[in-house]
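The primary structure of each chain is shown beneath.
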Amino acid sequence: MANKALFHYQNGSVVSNRHVFGRPRSSAASQRKQISMPLLCGMMLFCLGMLSLFTGQMASNLDRYSQRFMKQSLFNLDENNRGPIDIWKSEYAKYFYGCSVRSATFPDAISEQSSNGYLLIAASGGLNQQRTGISDAVVVARILNATLVVPELDHNSYWKDDSDFVNIFDVDWFISYLAKDVTVVKRVPDKFMRSMEKPPYTMRVPRKSAPEYYLDQVLPILKRRHVLQLTKFDYRLANNIDEDLQKLRCRANFHALRFTEPIQALGQKLVMKMRQMANHFMAVHLRLEPDMLAFSGCYIGGGDKERYELREIRKRWETLPDIDAVGERRRGKCPLTPHEVGLMLRALGFENDTYIYVASGEIYGGEETLEPLKDLFPNFYTKEILANDDLKPFLPFSSCLAAIDYIVCDESDVFVTNNNGNMAKILAGRRYMGHKRTIRPNARRLSPLLMERDQMDWDTFAQKVKAVQRGFMGEPDEMRAGRGEFHEYPYSCICEKPASDIIAAGNNGGGDGDHHQSQQFKENEGLRKRSNEEEEPVLGAKEDKDVFPD
């Protein structure tokens with residue numbers, strides 16, 4: 001009866017099933033030619049030399065190839081394994097560590113005086129969308145050999161936050177941490193600005209532009225005008241670029257962008273409060289704000305009032321088409337409702353005494369929407385509950401509030417995403433480097449199952465949820481290199497420990513220590529990089545399209 005009660009909630013706001021050159025060969029035979037004896041002997045000698053060279057190379061690399069084979073047999077996940085999943089941590093985490101350190105062959109940054117000019121960046125969207133833009137801006141400045149001016153944050157997005165870079169991030173740390181990679185200044189020198197005959201040139205580059213685009217189209221303008229501003233700078237750099245530049249992306253995003261001391265202090269205070277109440281806790285990013293629902297075209301069962309309200313908000317985006325909300329939900333295009341998130345987690349094995357921290361802005365429907373999740377997990381906390389009066393100075397600034405949520409989610413033992421927004425992607429990427437459990441709902445298969453849950457008993461439902469969630473639980477080898485956003489899966493910055501180290505640690509009884517080291521982002525340069533899988537080609541520049549700001 002208790003399990004059955006998990007299905008049916010009187011105020012349930014969930015829609016039920018009721019309510020992917022070759023040149024043609026010539027058919028003519030080629031003419032045979034007589035080969036002279038000296039030429040034939042020369043060819044034979046050449047072939048023997050090449051064969052000797054090739055076999056020597058094979059012998060020198062034999063150990064490396066054998067280690068790779070051993071590594072794959074030890075560490076690759078067995079997709080056919082149907083054993084129980086440890087919901088709190090991955091047993092494979094100890095095999096990997098974050099490795100974003102610069103290589104010895106990566107040249108130092110060009111000085112301000114020797115650079116090709118000053119690069120101004122206008123970031124776009126909410127805090128985490130801007131964070132991706134800032135990280136990519138660092139790489140673009142490196143590509144252009146430009147001096148990067150501290151990026152300008154977006155003051156015109158949905159949240160109308162007037163915060164500047166210095167209000168959110170430790171600007172001095174940002175400049176000093178990247179000093180060897182890119183020269184960063186707080187502003188273009190006044191003397192230089194006064195000497196300019198024209199104001200800074202402004203342009204917007206296409207989305208996912210390759211480094212070649214910046215060199216061919218942007219660099220000439222920068223050299224000619226000396227000061228160049230790139231506007232609406234979010235996701236303007238291709239996913240697949242040179243490995244040294246990918247590692248720079250990681251250094252910028254996961255290390256250089258450190259929050260200011262007041263934000264960091266409050267975030268850590270909330271983490272400490274959660275730790276005092278439980279040995280481990282889960283963070284859930286619900287992503288169910290009114291504007292998010294409106295943008296997605298989804299519906300959570302609030303009747304005509306909900307449809308009208310979301311339709312009015314949706315008018316903000318002029319190019320969005322009409323959407324069949326029920327069809328979108330069945331195809332897995334909608335975020336799960338709080339009730340659905342709770343059902344998924346309980347089905348995976350999280351008990352109702354689990355402590356959860358819910359990260360979100362304003363939830364559509366307020367307490368009524370959240371009530372089913374609270375009933376499933378009574379130990380329910382938010383920054384508002386934990387911080388009390390300490391949160392008041394930050395309340396007018398949405399970016400500060402998002403930063404506090406980011407810190408607590410980053411420190412959680414399990415992070416649960418919903419609708420895979422920008423915050424979820426960045427946190428997933430950072431947690432891959434430390435290999436903590438990250439659960440992403442397999443919405444395409446999970447949504448139809450949730451809509452038909454009243455047609456099966458609880459044990460059957462839980463078994464099906466566990467089956468569809470395999471491959472979406474944040475295992476180190478779960479995603480494929482080159483797929484999706486690099487910020488979500490930074491494969492160039494995830495290294496695998498040598499097989500010999502793992503075997504030695506196992507023989508010595510070491511395991512927990514290895515896991516701890518990987519979670520602390522151990523950055524030892526000598527270990528071999530993972531990522532032996534074939535990567536997709538570099539994405540070309542694409543036209544702008546509607547992207548929901550996170």
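Residues numbered from 1 in each chain as written. Predicted model: local features only at pLDDT ≥ 70, side-chain atom pairs only at ≥ 80, totals over all residues. Heavy atoms only, no water.

Engineer: How should I be thinking about the overall build of the protein in this particular structure?
Structural biologist: Along the backbone of the protein there are 21 helices and 12 strands. Split into buried and exposed, the 550 residues of the protein put 52% on the buried side. (Helix = DSSP H or I, 4+ residues; strand = E, 2+ residues; numbered from the N terminus. Buried < 20%, exposed > 50% of the residue type's maximum accessible area, 1.4 Å probe, protein only.)

Engineer: Please clarify how the state of the cysteines should be interpreted in this entry.
Structural biologist: As used in these notes, a disulfide is a covalent bond between sulfur atoms, one from each of two cysteines. Using the criterion set out here, one finds three disulfides in the structure. Described in terms of the sequence order of its bonded cysteines, the disulfide pattern of the protein is 1-6, 2-5, 3-4. (Disulfide = S-S within 2.5 Å.)

Engineer: Looking at this structure, I do not really get the confidence of the model for the protein. What am I missing?
Structural biologist: On average, residues of the protein score 79 in pLDDT, and 75% of them are at 70 or above. Between residues 9-35, whose pLDDT stays under 50, and residues either more than four places distant or in other chains, the model counts 28 contacts. Taken together, the stretch residues 52-81 has pLDDT below 50 and engages in 26 contacts with residues farther than four places along the chain or on a different chain. (pLDDT = per-residue confidence, 0-100. Contact = heavy atoms within 4.5 Å.)

Engineer: Got a minute to help me understand the nonpolar core in this structure?
Structural biologist: In globular proteins that are soluble, nonpolar side chains generally tend to be buried together. Membership of the largest hydrophobic core comes to 86 residues, with the highest contact counts inside it found for Y214 and L230. At nine residues, helix α3 (residues 127-144) tops the list of elements feeding residues into this core. Excluding anything up to four places from it in sequence, Y214 contacts V140, I143, L144, V205, S209, L219, L230, F233, R236 and L237. L310, M344, W458 and V468 belong to the second-largest nonpolar core, a separate cluster that totals 45 residues. (Core = buried A, V, L, I, M, F, W, Y, C linked by side-chain atoms within 4.5 Å.)

Engineer: I would appreciate a short explanation of unusual backbone geometry in the present structure.
Structural biologist: Peptide bonds are mostly trans, and most non-glycine residues show a negative phi. Despite not being glycine, H226 has its phi angle at roughly 75°, a positive value. If you trace the backbone, H226 turns up in the loop between α7 (211-225) and β6 (227-233). The class of H226 is partly exposed, set by a relative accessible area of 39%. Notably, Y235 is not glycine yet its phi reads approximately 55°, a positive angle. Of note, Y235 is situated in the loop between β6 and α8 (243-256). Exposure remark for Y235: the relative accessible area of 5% places this residue in the buried category.

Engineer: Could you clarify how one ought to interpret empty space enclosed by the protein in this entry?
Structural biologist: Vacant regions in the atomic arrangement are exposed by a probe of water-molecule size rolled over the atoms. Its boundaries defined by the atoms lining it, the largest cavity holds a volume of some 50 Å³. Per-class residue counts for the lining of the largest cavity are five nonpolar, three polar and two charged. (1 Å grid on protein atoms, 1.4 Å probe; cavity = no way out; pocket = protein on both sides within 12 Å on 5 of 7 lines; lining within 4 Å. Points joined across faces, edges and corners; volume = space filled by probe spheres on them. Nonpolar A, V, L, I, M, F, W, Y, C, P; charged D, E, K, R; others polar.)

Engineer: Hey, could you run me through the pattern of salt bridges in this one?
Structural biologist: If the charged atoms of two oppositely charged side chains come close together, the side chains can form a pair. Tallied over the full model, the rule gives 23 salt bridges. One salt bridge connects R275 with D413, and the closest N-O pair in it is separated by 2.6 Å. With R275 in helix α9 (residues 261-277) and D413 in the loop between α16 (398-411) and β10 (414-416), this pair connects stretches of sequence that are 138 residues apart. Here K315 and E312 are joined by a salt bridge, their closest N and O atoms 2.9 Å apart. Among the residues examined, E312 registers a relative accessible area of 32% and is labelled partly exposed. Three or more residues are tied together by salt bridges with common partners; here these are R102, D108, D181 and R251. (Salt bridge = Lys/Arg side-chain N within 4 Å of Asp/Glu carboxyl O.)

Engineer: For this particular structure, what's the right way to read the sheet that holds β10?
Structural biologist: In a beta sheet, neighbouring strands are held together by backbone hydrogen bonds and run either parallel or antiparallel to one another. The five strands lie next to each other as β9-β8-β7-β10-β11, forming an open sheet whose pairing is parallel. What marks the edges here is a single partner per strand, and that holds for β9 (380-381) and β11 (437-439). As paired elements, β10 and β11 share three bridges and run parallel to each other. Within β11, the position partnered with V414 by the bridge is R437. Contacting β7 (282-285), β8 (356-359) and β10, α16 runs over the sheet at an angle of about 145° to β8. (Pairing = 2+ DSSP bridges. Axes fitted to C-alpha atoms, helices over the stretch in contact; angles between N-to-C directions.)

Engineer: Looking at this structure, how should I read the pairing of β7?
Structural biologist: For a regular strand, side-chain orientation follows a simple rule: the groups alternate between the two sheet faces. Burial of the side chains of β7 extends over both faces: M282 and V284 are buried on one face and A283 and H285 on the other. One ladder, built from three bridges, connects β7 with β10; its direction is parallel. Bridging across to β10, V284 finds its partner in V416.

Engineer: Can you help me understand the sheet that holds β6 in this one?
Structural biologist: Pairing in this open sheet of five strands is parallel, and the strands run β4-β3-β2-β6-β5 from one edge to the other. Looking at which strands have only one partner, the edges of the open sheet turn out to be β4 (184-185) and β5 (201-203). The pairing of strand β2 (residues 118-123) with β6 spans five bridges and is classified as parallel. The residue of β6 that forms the bridge with I121 is L230. Strand contacts of α7: β2, β5 and β6, with the helix running at about 135° to β6, the strand carrying the most contacts.

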